[in-house]
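# Architecture at a glance
Now for the letters of each chain:
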Amino acid sequence: MVKLKSRQLVSLLILSAMLTGTLAGCGSDSTPDVTSDANGETTQEVTGTEVDPRLTVSDDLPEVDYDGRTFTVITYEGVKEDIYIESMDGEVVNDAVFSARQTVSDRFNVNIDVMTESDYIAVEQTIQNSVLAGDESFQLAAQQVVSLGNLAVQNLFMNWYDVPHIDFSKPWWSQSMVEDLTYKNSSAYIAIGDYALSSLYNTYCFFYDKDDAEVYKLENLYDVVWDGRWTVDYLMDITKDMYSDLNGNAQRDGDDYYGYTQNLKTVMITWLWACGGKIMEMDSNGVPQLVYHSEHTNAIVEKIYKLLYESDGVTTDRDSKYPDSPWHFDVYAFTDGLSMFVNAPLNYAPSYFRDRDGDYGILPLPKFDEAQEDYHTVVDGAHTAMAVPKSASDVEFIGVITEALNAESYRKVFPAYYEIALKAKYTHDDESVRMLDLIVDSRIFDFGYVYDGWKGCSFYFQYLIGDAKSSDFESYYAKNGPASEQYYKSVCESLDSFE
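The structure reproduced in this document is the subject of the present report. (Residues numbered from 1 in each chain as written. Predicted model: local features only at pLDDT ≥ 70, side-chain atom pairs only at ≥ 80, totals over all residues. Heavy atoms only, no water.)

## Quick look at the packing of helix α18 (residues 460–467) against helix α19 (residues 473–496)
Here is the rule: Between N-to-C directions, angles cover 0 to 180 degrees, with each direction set by a line fitted to C-alpha atoms, over the stretch in contact for helices. Numbered from the N terminus, helices here are DSSP runs of H or I no shorter than four residues, and strands are runs of E no shorter than two. These descriptions rest on fixed angle ranges, namely under 35 degrees for roughly parallel, over 145 for roughly antiparallel, 65 to 115 for roughly perpendicular, and the rest for oblique. By convention, the crossing between two helices is left-handed when the near helix turns anticlockwise from the far helix through less than a right angle, and right-handed when the turn is clockwise. In what follows, residue pairs with any heavy atoms lying within 4.5 Å of each other are defined as contacts.
Two elements in contact, α18 and α19, have axes separated by 11 Å at closest approach and are oriented at 150°. Taken together, the axis directions place α18 and α19 in an arrangement best described as roughly antiparallel. Where α18 crosses over α19, the two elements pack in a sense that is right-handed. Contacts between α18 and α19 pair Tyr-460, Tyr-463 and Leu-464 from the former with Phe-473, Tyr-476, Tyr-477, Asn-480, Gly-481 and Ser-484 from the latter.

## Overview of the packing of helix α4 (residues 120–133) against helix α5 (residues 145–152)
To be explicit about the condition: As a working rule, the residues Ala, Val, Leu, Ile, Met, Phe, Trp, Tyr, Cys and Pro are called nonpolar, Asp, Glu, Lys and Arg charged, and the rest polar, with Gly in that last group.
As a packed pair, α4 and α5 sit with axes 10 Å apart at the nearest point and diverge in direction by 25°. By the angle between their axes, α4 is roughly parallel relative to α5. Note on packing geometry: the crossing formed by α4 with α5 is right-handed. Facing Tyr-120, Glu-124, Ile-127 and Gln-128 of α4, the residues of α5 in contact are Ser-147, Asn-150 and Leu-151. Each residue belonging to the contact of α4 with α5 can be placed in one class, and the counts come to three nonpolar, three polar and one charged.

## Description of the environment of Ser-442
Looking at the secondary structure, you find Ser-442 in the loop between α16 (430–441) and α17 (447–450). With 64 residues separating them along the chain, Ser-442 and Val-378 place their C-alpha atoms 8.1 Å apart. With residues up to four places along the chain from it excluded, the contact list for Ser-442 reads Tyr-375, His-376 and Thr-377.

## Things to note about the nonpolar core
Stated formally: Nonpolar cores were defined as sets of buried Ala, Val, Leu, Ile, Met, Phe, Trp, Tyr and Cys residues, with membership established by side-chain atoms within 4.5 Å. Each residue is placed in one exposure class: buried if its accessible area under a 1.4 Å probe, protein chains only, is under 20% of its type's maximum, exposed if it is over 50%, and partly exposed if it falls in between.
In terms of nonpolar packing, the biggest core is built from 159 residues, with Phe-207, Trp-230, Trp-271, Ile-304, Leu-307, Phe-341 and Ile-401 touching the most fellow members. Counting residues per element, this core draws most heavily on helix α15 (residues 395–422), at 17 residues. The contact partners of Trp-230, leaving out residues within four places of it in the chain, are Phe-206, Val-224, Val-225, Leu-235, Ile-238, Phe-341, Leu-363, Pro-364, Leu-365, Pro-366, Lys-367 and Tyr-375.

## Structural notes on the side chain of Asp-256
Put simply, the rule is: When charges are counted, Lys and Arg contribute as positive and Asp and Glu as negative, whereas His and the chain ends are disregarded. Any Lys or Arg side-chain nitrogen found within 4 Å of a carboxyl oxygen on Asp or Glu counts as a salt bridge. Side-chain atoms alone can form a polar contact between residues adjacent in sequence; in general such a contact is a pair of N or O atoms within 3.5 Å, and within protein one must be able to donate a hydrogen while the other accepts it.
By secondary structure assignment, the location of Asp-256 is in the loop between β7 (243–244) and β8 (257–261). It turns out Asp-256 is buried and unbridged, and the closest side chain with the opposite charge, Arg-252, is 6.8 Å from it. A distance of 3.2 Å separates a polar side-chain atom of Asp-256 from the backbone nitrogen of Leu-246. With residues near it in sequence (within four places) discarded, Asp-256 still touches Tyr-243, Ser-244, Asp-245, Leu-246, Asn-247, Gln-251, Arg-318 and Leu-338.

Next up, the structure:
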């Protein structure tokens, strides 16, 4: 069975509220009147429905008027609209981002502004120059996560635990971030909360074709997940006979139908965490220990190699169909109805699958086996995280506004994104909402990934299983591991020097 975490418990409350509202408001099309009070608690006049439990979680922030003061977030153009929208346009996520920002702005009488660069590399340079010069051109950085790791070891950021009003026990903060990125149980220079919307939509998950699932007479896959039976072996078993020679040429090629299609690029790395592996784990003193080189990692490599290269219903080659798309052929195959399953980030739902024929479902990545207690996933490294520049002077101001922005994103923006991902109203598809909560709660922010610096172990699976098409993990690690080990040692030495 699957243990429920914070968001999943909220979802169960949503279901209860939905049922109560359905019984109380049968035959009524009335909608609730929602307002926020000065404490960040949302009140809702019940007229045929009940309160969404997300709206009742208080942020416990003080009542304060900042008299029109400006709070500036630095980011880059590719993710600007995740955190700053000029005006409403009727699109659900756009309007939710705008509403969340406006709510915080009105509540604290603060002007929330954005400072953008062309890309995350330019942001990295601007942060370095700004902090070293001691200026305060921005109060918060929303930057690509691995880049933040590179900057953090340069002693450019404040310890989040020294920022007043930041409460990591609240549901808008990732608990993996708290557990896996807190150094020596007291220092965290990178934070991941719901204001960093890309940390949601870059989360890897499994999509499946619901219509094809009926054709192949699959059992309810949501039930399989909740029963703890959704594993790599289960995936191999149900897809082994899923093949159809659609073009009739008697050859297994990219034009045919397969149970599962996977590209051999970045998606390869997801299997380490999905199967219960890790690069680094915190010991009892909060010191990250390299645990990557292990019997379990070897076993994961062997199982994923078998899945990709020895399973009749699986393909990693769609060159004849999509010759110019080595990074996305699996997504195109799923969009075109040529695959039952695909492993992809959540944002591919609105980007690629929204207009595809037929309905789809969303599942977590399969576990290594049924003995693995929980489902896990990883967020693509393109996602943003947050940091406070060390040059900041009024950290209380930063704490209040940052906490409020994350809280409002939890209340408004994440449910809006769920809605477009599911192609259904957030409150009308509780089963899928619960599944998405399970996936989001299962995110792992591995210290070894966040501080990888493109010098660690994060991409070994891509290079070994994907590029080299090999399962010889020991030989690969013997050649490459020592350099990565030395790099991680230097990261810890840098963080130690800040104490």
